[in-house]
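The lines below spell out each chain.
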Amino acid sequence: LFRLPEDEALINRMGFNNGGVLGAIERLKKRKSSVIVGGNIGKNKVTPNEEALSDYLYCLEALHPYVDYFVVNVSSPNTPNLRDLQEKEPLKKLLMRLQKLNQSKQKPKPILLKIAPDLTNEQLDDVIEIVIETKLAGIIATNTTISRDGLKSSAKLTNEMGGLSGRPLRERSTEVIAYLHGKSKGEIPII
């Protein structure tokens, strides 16, 4: 984690660092709060994209009794090749399979898609089409960016690998939200 005070920003490259889904379940079983809990699911760093679906399905199946909603994370810049899953065909296949599993449950949970701010308008159009077609509950816009445009901090910091968040992302993230809202005619909830 790198702090860029001049830019009011952070760069992180923590990835999905955790003890795994089984560790999360053990903690969730012990919780005493009724706070809403979301399961942010993604593929393992070492899982090739061709096998990513199995990681997502495993997480959804295992976490389903313990969370209130799911976030399908295909946008972390810290998991190698993960963002490739935002392309139209792999994304559609992934979301259709997740929805099929979710809908087979007695109490299906809302599923949201977390996207990168670095997508083009054409890619955002694809996202809208897929979210509507797969009947997802909404979109989380946006994750961190790989862009380093306009930063004032030293190159020593700005050249660090990872996702940038904070003030430099505000404008692009707002543009993405406005674009998604306008193109979907307000039909898709956006977080």
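Residues numbered from 1 in each chain as written. Predicted model: local features only at pLDDT ≥ 70, side-chain atom pairs only at ≥ 80, totals over all residues. Heavy atoms only, no water.

S.K.: What should I look at first to understand the overall build of the protein in this one?
M.R.: A tally of helices and strands in the protein yields six helices and seven strands. Expected size for 191 residues packed as a compact globule is a radius of gyration near 16 Å; at 17 Å, the protein falls within 12% of this value. A principal-axis box enclosing the C-alpha atoms of the protein has dimensions of 50 × 40 × 35 Å. Put simply, of all contacts in the protein between residues at least 6 apart along the chain, 75% involve residues at least 24 apart. For the protein, the accessible surface area stands at approximately 10700 Å², while carbon and sulfur atoms represent 53% of it. Positive and negative side-chain charges of the protein, numbering 28 and 23 respectively, have mean locations separated by a distance of 8 Å. (Helix = DSSP H or I, 4+ residues; strand = E, 2+ residues; numbered from the N terminus. Rg over C-alpha atoms; globule rule 2.2 N^0.38 Å. Contact = heavy atoms within 4.5 Å. Areas by Shrake-Rupley, 256 points an atom, 1.4 Å probe, with all protein chains shown as cover. Lys, Arg positive; Asp, Glu negative; His and termini not counted. Charge placed at Lys NZ, Arg CZ, Asp CG, Glu CD.)

S.K.: I would appreciate a short explanation of helix 1 (residues 21-30) in the present structure.
M.R.: Residues spaced three or four apart along an α-helix face the same direction, because each turn holds 3.6 residues. Among the residues of helix 1, those classed as buried are Val21, Ala24, Ile25 and Leu28. Projected onto a plane normal to the axis of helix 1, the buried residues spread over an arc of 100° and lie on a single side. Helix 1 presents Leu22, Arg27 and Lys30 as exposed residues on the side facing more than 90 degrees away from its buried surface. In this structure, the buried residues of helix 1 make contact with helix 2 (52-63). (Buried < 20%, exposed > 50% of the residue type's maximum accessible area, 1.4 Å probe, protein only. Arc of directions from axis to C-beta.)

S.K.: Honestly, the pattern of salt bridges in this entry has me stumped. Any pointers?
M.R.: Two side chains carrying opposite charge are able to pair once their charged atoms lie near each other. All chains considered together, the criterion is met by eight salt bridges. Here Lys92 makes a salt bridge to Glu133, at a shortest N to O gap of 3.2 Å. Placement of Lys92 in helix 3 (residues 88-103) and of Glu133 in helix 4 (residues 121-134) is noted, with a sequence separation of 41 residues between them. Using a relative accessible area of 21% as the deciding quantity, one classes Lys92 as partly exposed. (Salt bridge = Lys/Arg side-chain N within 4 Å of Asp/Glu carboxyl O.)

S.K.: Could you clarify how one ought to interpret the sheet that holds strand 2 (residues 9-12) in this entry?
M.R.: Note on sheets: strands pair through backbone hydrogen bonds, and any given pair is parallel or antiparallel. Spatial ordering of the open sheet is given by 1-2-7, a layout of three strands whose pairing is antiparallel. The sheet is open, and its two borders are formed by strand 1 (2-4) and strand 7 (163-166), each paired with just one other strand. Across the sheet, the mean angle separating the axes of adjacent strands is 25° when strand polarity is ignored. (Pairing = 2+ DSSP bridges. Axes fitted to C-alpha atoms, helices over the stretch in contact; angles between N-to-C directions.)

S.K.: Got a minute to help me understand the side chain of Asn102 in this structure?
M.R.: The topology assignment puts Asn102 in helix 3. Given the relative accessible area of 1%, Asn102 is considered buried. Among the polar contacts made by the side chain of Asn102, one reaches the side chain of His64 at a distance of 3.0 Å. Ignoring any residue separated from it by four or fewer positions in sequence, one finds Asn102 in contact with Leu60, His64, Pro108, Lys109 and Ile111. (Polar contact = N/O pair within 3.5 Å; in protein donor to acceptor, adjacent residues only side chain to side chain.)

S.K.: When you look at the sheet that holds strand 5 (residues 111-115) in this model, what are you seeing that I'm missing?
M.R.: With parallel pairing, four strands are arranged side by side in an open sheet as 3-4-5-6. A single partner strand is all that each edge strand has here, and the edge strands are strand 3 (38-41) and strand 6 (138-141). Each neighbouring strand pair of the sheet contributes to a mean axis angle of 25°, computed without reference to strand direction. Packing against the sheet, helix 4 makes contact with strand 5 and strand 6, and its axis sits at approximately 175° to strand 5. Sitting on the sheet, helix 6 (residues 167-183) touches strand 5 and strand 6, and the angle it makes with strand 6 is about 160°.

In short, the description is geometric, and any link to function would need to be established separately.
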